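The chain contents come next:
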Amino acid sequence: MKKIADRIIKGKYVVFAVCAALLVVSCIFLPKIGVNYNLSDYLSKDTETRIALDIMEDEFGLTGNVQVMLSGVNVSQVEFDAESTNYFKDGKALYIVLIQGDDYSETAAEVISDIKEAVASYDAEFGGTAAQKQSQKEAITRQIPMILAICICIAYGILVVTTRSWLEPLLFLATAGMAVLINLGTNIIFGSISYITNFIAAILQLALAMDYSIMLLHSYHKNRETQPDPKRAMSDSIAECIKPVSASSLTTIAGLLALLFMSFSIGFDIGMVLMKGIVISALVSVTLFPCVILLFDKILIKTKLRAKNKKTKGEREHIAVRAHFLANVAKKGNLVIV
């Protein structure tokens, strides 16, 4: 382990280059990864629901529908029952648009966008399965960054209280974020992932792998107290942490393995992405993170949070009584040091 640790420290610029290359490649692949919002695709072929959906698709094809209600319009001629109050009532007209393709398709998204643009001058309300699914998709996409930002703020708040420098949490979150981006970018090997996996992968990876870097940082601070050379101290820390980090990551992966055997195959989707993320985070914690700490070692010392040496009221009273006692003994010429 010591030889591996020494090689990591000596080749820190190689580590930086490799991680930077992986990050760039992952960012390039990230927009190309498909996100599947149709959970029925993950149903087992033997389930009744999947069989029924296949029959309906064979008989009627895949169709989605959009319901558009316009207020304040007069309808003179349309292809629906004008006498029915289900379509026209109190100056409000309901149009039902059938779409070739399922509710989650790009076609559905384009049709809904075109309809909204066409009726922008009217007071319009949208319904139907396709509109509902697209609205859900937009809400999830919009909320993921917000939730991730909240998690990062909470993590930083916890870390800044427990670490020795206000800069350490920033370095930790930067390297952890790099591991998350590499994991998300390498999902290109799966072609597409479910929206649930895409939603929780980054947050769970950050939570599950947080202790790896904390473990190494704690070991480094401990070794730094007895070893003046930061490189030697970090090398010792890496050697000490490789086994526990490996054991912790393997234990987490063993727990995630159960997801691979779910009949609802979204479990396989979530399990594979998270297991890959755990491996990436563990590797980053014992390679990139130590090199980053060494690179900023002098700045970390300068930004070290100094603990305030405040004495309690009881301690102050005890010191005052002891000083008074020693003063009296000294006056009698019988000073005793206690």
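Residues numbered from 1 in each chain as written. Predicted model: local features only at pLDDT ≥ 70, side-chain atom pairs only at ≥ 80, totals over all residues. Heavy atoms only, no water.

A.B. asks: Tell me about a nonpolar patch on the surface, and please be specific about residues and values.
C.D. replies: A cluster of nonpolar side chains, namely Val24, Val25, Ile28 and Phe29, defines an oily patch on the protein surface of about 320 Å² accessible area. Overall, phenylalanine 29 belongs to the partly exposed group, its relative accessible area being 31%. (Patch = residues over 30% accessible without salt bridge, like charges linked within 9 Å, V, L, I, M, F, W, Y side chains within 5 Å. Areas by Shrake-Rupley, 256 points an atom, 1.4 Å probe, with all protein chains shown as cover. Salt bridge = Lys/Arg side-chain N within 4 Å of Asp/Glu carboxyl O. Buried < 20%, exposed > 50% of the residue type's maximum accessible area, 1.4 Å probe, protein only.)

A.B. asks: How would you sum up helix H1 (residues 2-10)? Please name residues and give values.
C.D. replies: Buried within H1 we find Ala5, Ile8 and Ile9. Along H1, the residues classed as buried sweep out an arc of 95° about the axis, all on the same side. Among the exposed residues of H1, those pointing more than 90 degrees away from its buried face are Lys3, Arg7 and Lys10. Elements in contact with the buried residues of H1: helix H2 (12-29), helix H8 (230-256), helix H9 (266-286) and helix H10 (288-295). (Helix = DSSP H or I, 4+ residues; strand = E, 2+ residues; numbered from the N terminus. Arc of directions from axis to C-beta. Contact = heavy atoms within 4.5 Å.)

A.B. asks: Run through the nonpolar core, naming residues and quoting values.
C.D. replies: Side chains that are nonpolar tend, in soluble globular proteins, to be buried together. Met234, Ile238, Leu288 and Ile293 are the most contacted members of the largest nonpolar core, which totals 46 residues. Those elements giving two or more residues to this core turn out to be H1, H2, helix H5 (129-162), helix H6 (167-185), helix H7 (195-224), H8, H9 and H10. Ignoring any residue separated from it by four or fewer positions in sequence, one finds leucine 288 in contact with Val15, Phe16, Cys19, Thr175, Met178 and Leu283. Val180, Leu184, Ile193 and Ala201 belong to the second-largest nonpolar core, a separate cluster that totals seven residues. (Core = buried A, V, L, I, M, F, W, Y, C linked by side-chain atoms within 4.5 Å.)

A.B. asks: Before we move on, could you go through the pattern of salt bridges and cite the residues and values that matter?
C.D. replies: Side-chain pairs of opposite charge can arise where the charged atoms are in close proximity. Under the definition given, this model contains three salt bridges. Aspartate 6 serves as the salt-bridge partner of lysine 2, at 3.1 Å between the closest nitrogen and oxygen. Here lysine 2 and its partner aspartate 6 are both found in helix H1, four residues apart, which amounts to about one turn of the helix. Here lysine 2 and aspartate 236 are joined by a salt bridge, their closest N and O atoms 3.5 Å apart. In this pair, lysine 2 is assigned in helix H1 and aspartate 236 in helix H8, connecting sequence segments 234 residues apart. Taking relative accessible area as the criterion, aspartate 236 reaches 22% and is therefore assigned partly exposed. Overlapping salt bridges bring together Lys2, Asp6 and Asp236 as one network.

A.B. asks: Describe empty space enclosed by the protein, and please don't skip the residues or the numbers.
C.D. replies: For the coordinates displayed, the defined rule picks out two cavities of 30 Å³ or more. The calculated volume of the largest cavity comes to roughly 90 Å³. If you go around the largest cavity, you meet 13 residues; those closest to its centre are Ala176, Ala179, Ala209, Ser281 and Ser285. Breaking the lining of the largest cavity down by element, the ones donating at least two residues are H6, H7 and H9. Grouping the amino acids of the lining of the largest cavity by side-chain chemistry returns eight nonpolar, five polar and no charged. Secondary structure elements with two or more residues in the lining of the second largest cavity: H6 and H7. (1 Å grid on protein atoms, 1.4 Å probe; cavity = no way out; pocket = protein on both sides within 12 Å on 5 of 7 lines; lining within 4 Å. Points joined across faces, edges and corners; volume = space filled by probe spheres on them. Nonpolar A, V, L, I, M, F, W, Y, C, P; charged D, E, K, R; others polar.)

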